[in-house]
Amino acid sequence: MGTAAIVLRLAWRNLWRNFRRTTIMLAAVVVGVWAMIFMIALMRGMVDDMLLDGIRSLPGHVQIHHPNFRDDPTVNNLLPSPDEDLIAALDRPDVVAWSSRVRVPAVVMSERSSRGVTLVGIDPAAEAAISFVADDMAEGRFLEGPEDPGLILGRRLVERLETEVGKRVVVMTQDPDNEIADRGFRIIGVYEAQVASTEEAYAFAGRDTLQAMLGIGDQVSEIAVLGLDYRAVERLYQRIDAAAGDRAEVLPWNELDRYLSGMLGMMDGFVLVWIVVIFLALSFGLVNTLVMAVFERVREIGLMMALGMKPGVILGQIVAESLMLLGIGLFFGNVLAWVSIQPLKGGIDISVVSDGMEMMGVGNVLTPSLRAGDMALATVVVLVLGFLASLSPAVRASRYHPVEAITKA
Amino acid sequence: MHAVRCVNVRRVYKQGDEDVVGLDGVSLEVEEGGFVCLRSPSGGGKTTLLNVMGGLDRPDSGEVWVAGERIDTLSKGQLAHMRLHQIGFVFQAYNLIPVLTARENVEFVMQVQGVPTAERRKRSLEILSEVGLDGLEDRRPAKMSGGQQQRVAVARAIVSNPAIVLADEPTANLDSNTASHLMELFVELNQHHGTTFVIATHDQMVMGYARRLIRMRDGKLVEDIEQEAA
């Protein structure tokens, strides 16, 4: 305890011995840590945006399909309406909402043009909590019930079809007997998705209306389930998978959409790489500061050894000095990052560059996402790497020969 | 018991490409409570002998015993432990730790030894008072004169009751008045505490205080005489 106390006291006082040098190094650590965390928060915000938008673009957190639906997403691979067991599994506190849908490929024809789309029959009340459509209505109205006869189209599809709200279009698809099933729909609303390509891809109708058009009774193509947190769906997925049994395939969002889950994994890797890269830049300054500090104190180090301080304790003193410097830098760097992100919580308007980012699913507003886990990771990585970087000058100091060190001019 | 015993100690070190014989078969015994001066011209071997006695340097051959323990075969860590508990050093240049106050410098060795805070504090204040530094306990070395710094170094050397105090040219940077005061302090500590002193010097005034005077030349003991101290 006595040795630890003297080591810490010496480390602290030696740290401030060259005030200017320590302050400059400290400023570099603070700015480096701030840059690490601020940049990570921006990247996390962007990826969160992509993931949430991706998840809101229909997958939900867990999805139930006919086992063949993903290979052949047509009306031939349907599920029966959910039974009691499945409804019981879905009626739990960790399920925020669930919605059964009919989803078929279709062609929408206006008087001027036609386009291939994915036609989705939904129960609007259930769907409102799960997917983007209800929130993103730009014109007209949303569906009022599963039996609503209207059709919702995306803004870009409406432009391509050269039609508008109030006009009629014909929707054509195949029924289970491989016969053409078609029907006229009036466009009752237009939505605008965060990613414009989505606006061309999906058309929404009432679920019951679509079931009637296809003649499939109460069968559905999929059931989408929204849990509490997209990062923790494993237990939800397992419970629903058990309730659904063998007749259905149950998949969490990260298996359903490999692009999105890959993005999340890539982000975690990026965070670590970014922290290490920034630290490497900092480490040159850190090691230089410590080498200079050791070089200036050769005689003192020799003296302490002569008085009986063991080499390991000398090493500990230099490392402690380094960790104190980094600790202070980390504290102020974290605080600075937190303070600078608070005013940006409402989001940063990146509409100037969002056209280029749209392909990746990034919207017009970037909201930084500051996570305690990322701050802790940056802190731990900087301390661990700082410890390793300080070993070289510390080992050098601990290997001095007392007689040679003490007679150093 | 002998405070220090050297048996046929030889130490050769490199100076450029040349081998320099620092100690050439030195055998020496210093009794507990002794007050010994080593004198020699520069390069005569007195500092090398002090370093070997203090476990700061290893002999190439021969044996070195301190307080009944053979130290020339100890590991680095064991030597550090031995120095911490058995040896007090006073160097030519005051060699205090600049970021510590006078009291903290004196407490340094005790703190590394693990002496409890209250006892450490009590002993350090007592010893600082004994060496005439009342009221200067909280000053850092930069704010003290050379003589005051050397007194702090002496206080640090004796505060934990070492078996032996090794002083290498302790008066070299002091004026004659301060040097006399320091030597009187050494004598007083030697007489009242029974601390063994081995002092390397070529200062005639310092030699006058010693009860035993050992003359060295070219790494060998050439004269060893008892004398009446001043």
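Topic: the overall build of chain B
In step 1: Of the regular secondary structure elements, chain B holds 7 helices and 10 strands.
In step 2: A compact globule built from 230 residues would reach a C-alpha radius of gyration of about 17 Å, and chain B, at 17 Å, matches this within 12%.
In step 3: In terms of principal-axis extent, the alpha carbons of chain B reach across some 45 × 40 × 40 Å.
In step 4: Looking at the 230 residues of chain B, the share that counts as buried comes to 48%.
In step 5: The long-range share in chain B, meaning contacts at least 24 apart out of those at least 6 apart in sequence, stands at 68%.

What to know about the pairing of strand β9 (residues 222-226) of chain A
Residues and elements named next belong to chain A.
In step 1: Counting buried positions along β9 yields 5 of 5 residues, so the element is predominantly enclosed.
In step 2: By the alternation rule, side chains of β9 split into Glu-222, Ala-224 and Leu-226 and Ile-223 and Val-225, which are all buried.
In step 3: Note: strand β2 (residues 97-109) against β9, 5 bridges, orientation antiparallel. If you follow Ser-100 over to β9, its bridge partner there is Ile-223.

Some words on the sheet that holds strand β10 (residues 220-226) of chain B
Residue and element names in this part refer to chain B.
In step 1: The 6 strands are arranged β6-β7-β8-β3-β9-β10 in an open sheet whose pairing can be described as mixed. In this open sheet, the two edge strands, each paired with only one partner strand, are β6 (87-90) and β10. Ignoring which end each strand starts from, the neighbouring axes of this sheet average 20 degrees apart.
In step 2: Across the sheet, helix α5 (residues 146-158) is in contact with β6 and β7 (164-168); its angle to β6 comes to roughly 170 degrees.

Remarks on the interface of chain B and chain A
In step 1: Listed per partner, the contact involves 20 residues of chain B and 20 residues of chain A.
In step 2: Looking at the side of chain B that touches chain A, the elements that each hand over two or more residues are α2 (76-86) and α3 (102-113) of chain B.
In step 3: The element that contributes the greatest number of residues to the side of chain B that touches chain A is α2 of chain B, accounting for 6 residues.
In step 4: Considering only residue class, the side of chain B that touches chain A consists of 11 nonpolar, 6 polar and 3 charged.

Some details on the environment of Asn-364 of chain A
In step 1: The residue Asn-364 of chain A is located in the loop between α13 (351-357) and β12 (365-366) in this model.
In step 2: Residues Asn-364 of chain A and Ala-196 of chain A, 168 residues apart in the sequence, show an inter-C-alpha distance of 11 Å.

Section: the domain arrangement of chain A
In step 1: Domain boundaries in chain A define domain 1 (2-54 + 261-406) and domain 2 (60-256).
In step 2: Once you take the C-alpha centre of each, domain 1 of chain A and domain 2 of chain A turn out to be 48 Å apart.

Conventions adopted
- Residues numbered from 1 in each chain as written.
- Chains lettered and ligands numbered in written order.
- Predicted model: local features only at pLDDT ≥ 70, side-chain atom pairs only at ≥ 80, totals over all residues.
- Helix = DSSP H or I, 4+ residues; strand = E, 2+ residues; numbered from the N terminus.
- Rg over C-alpha atoms; globule rule 2.2 N^0.38 Å.
- Buried ≥ 20, exposed ≤ 12 C-beta atoms within 10 Å, placed from the backbone.
- Contact = placed C-beta atoms within 7 Å.
- Pairing = 2+ DSSP bridges.
- Axes fitted to C-alpha atoms, helices over the stretch in contact; angles between N-to-C directions.
- Nonpolar A, V, L, I, M, F, W, Y, C, P; charged D, E, K, R; others polar.
- Domains from an automatic or database assignment.

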